[in-house]
Amino acid sequence: MRRPRFLLRDNLGRLARWLRILGYDAVVMKAIPFSTIISRATKERRIFLSRCAKEMKLPAGVAHQLIRSDNHLKQLRELLPLLVLDESMLFTRCIRCNRLLTTIDPARMQDRIPAYVAQTHKHFTLCRHCGKVYWQGTHYADMKRTLTDIFQTNEETS
Ligand SMILES: [Zn+2]
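Cut-offs and rules
- Residues numbered from 1 in each chain as written.
- Predicted model: local features only at pLDDT ≥ 70, side-chain atom pairs only at ≥ 80, totals over all residues.
- Heavy atoms only, no water.
- Pairing = 2+ DSSP bridges.
- Helix = DSSP H or I, 4+ residues; strand = E, 2+ residues; numbered from the N terminus.
- Axes fitted to C-alpha atoms, helices over the stretch in contact; angles between N-to-C directions.
- Contact = heavy atoms within 4.5 Å.
- Buried < 20%, exposed > 50% of the residue type's maximum accessible area, 1.4 Å probe, protein only.
- Polar contact = N/O pair within 3.5 Å; in protein donor to acceptor, adjacent residues only side chain to side chain.
- Domains from an automatic or database assignment.
- Buried area = accessible area lost by both parts, 1.4 Å probe.
- Salt bridge = Lys/Arg side-chain N within 4 Å of Asp/Glu carboxyl O.
- Nonpolar A, V, L, I, M, F, W, Y, C, P; charged D, E, K, R; others polar.

Caption draft 1: The sheet that holds strand β2 (residues 26-29), seen in detail. Reading across from one edge, β2-β1-β3-β4 is the order of the 4 strands in this open sheet, with parallel pairing throughout. The sheet terminates laterally at β2 and β4 (64-66), the two strands that pair on one side only. For this sheet the average axis-to-axis angle between neighbouring strands, irrespective of direction, equals 25 degrees. Pairing between strand β1 (residues 6-9) and strand β3 (residues 47-50): 3 bridges, direction parallel.

Caption draft 2: Just the environment of V62, in detail. Structurally, V62 is set in the loop between β3 and β4. Separated by 83 residues in sequence, V62 and R145 have C-alpha atoms that sit 33 Å apart. Each residue touching V62, except ones within four places of it in the same chain, is listed here: I38, A41 and T42.

Caption draft 3: Geometry of the side chain of E55. Residue position: E55 is located in the loop between β3 and β4. Judged by its relative accessible area of 13%, E55 falls in the buried class. One polar contact links E55 to S50, side chain to side chain, over a distance of 2.7 Å. When sequence neighbours within four positions are dropped, the list of residues in contact with E55 reads R9, F34, F48 and S50.

Caption draft 4: Structural detail: helix α1 (residues 13-21). Three or more residues of α1 are buried, namely L15, A16, W18, L19, R20 and I21. Phi turns positive, to about 95 degrees, at G23, one or two residues after α1.

Caption draft 5: Expanded view of the domain arrangement of the protein. Segmenting the protein into domains produces domain 1 (6-87) and domain 2 (96-157). Taken together, the contact between domain 1 and domain 2 spans 16 residues of the former and 12 residues of the latter. Both sides together, the interface formed by domain 1 and domain 2 hides about 1,200 Å², and carbon and sulfur atoms give 70% of it. Applying the counting rule to domain 1 against domain 2 returns 1 salt bridge. A salt bridge links K144 to E87, with the shortest nitrogen-to-oxygen separation between them at 3.0 Å. The tally of links from domain 1 across to domain 2 stands at 5 residue pairs in polar contact (both at pLDDT 80 or more). Breaking the side of domain 1 that touches domain 2 down by element, the ones donating at least two residues are α1, β2 and α3 (72-78). Classifying every residue of the side of domain 1 that touches domain 2 gives 12 nonpolar, no polar and 4 charged.

Caption draft 6: Spotlight on the pattern of salt bridges. The final tally for this structure, using the stated rule, is 6 salt bridges. Each of D25, R40, E44 and R46 takes part in salt bridges that share partners, so that together they form one network.

In structure tokens form, the structure reads like this:
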């Protein structure tokens, strides 16, 4: 199955960040007019996500889902039927700007990585678009645990 790609309304920014953590291509748009959003979703075959029921009246062929919760983790649960937790995909995208990350050698990025981090971590990635450097610290472990919990409770209830 092809991994779905998403296009989210700008009030779903936190949900987009979690989709990116899972490795999904999740674009956020605050485009006005609305037709700009729809043409992009159509052209790039993205699933359009919005909290606004009115925006669900779309031309045939535009995949979409109404998001009901106002909590980002509950929103993620609403999408579970579409998602898989694939360890190899976790943290492969920039959480800020959705671009794919590149693995880097910390020795080449000494100006960007604190010395104690470089000493205590092995895996570093860089977003070549926004310049953010990521490493698998405690934050990483926390996010992974949150995701594992969400996917596990889903299995228990289904
Ligand atoms: Zn970035």
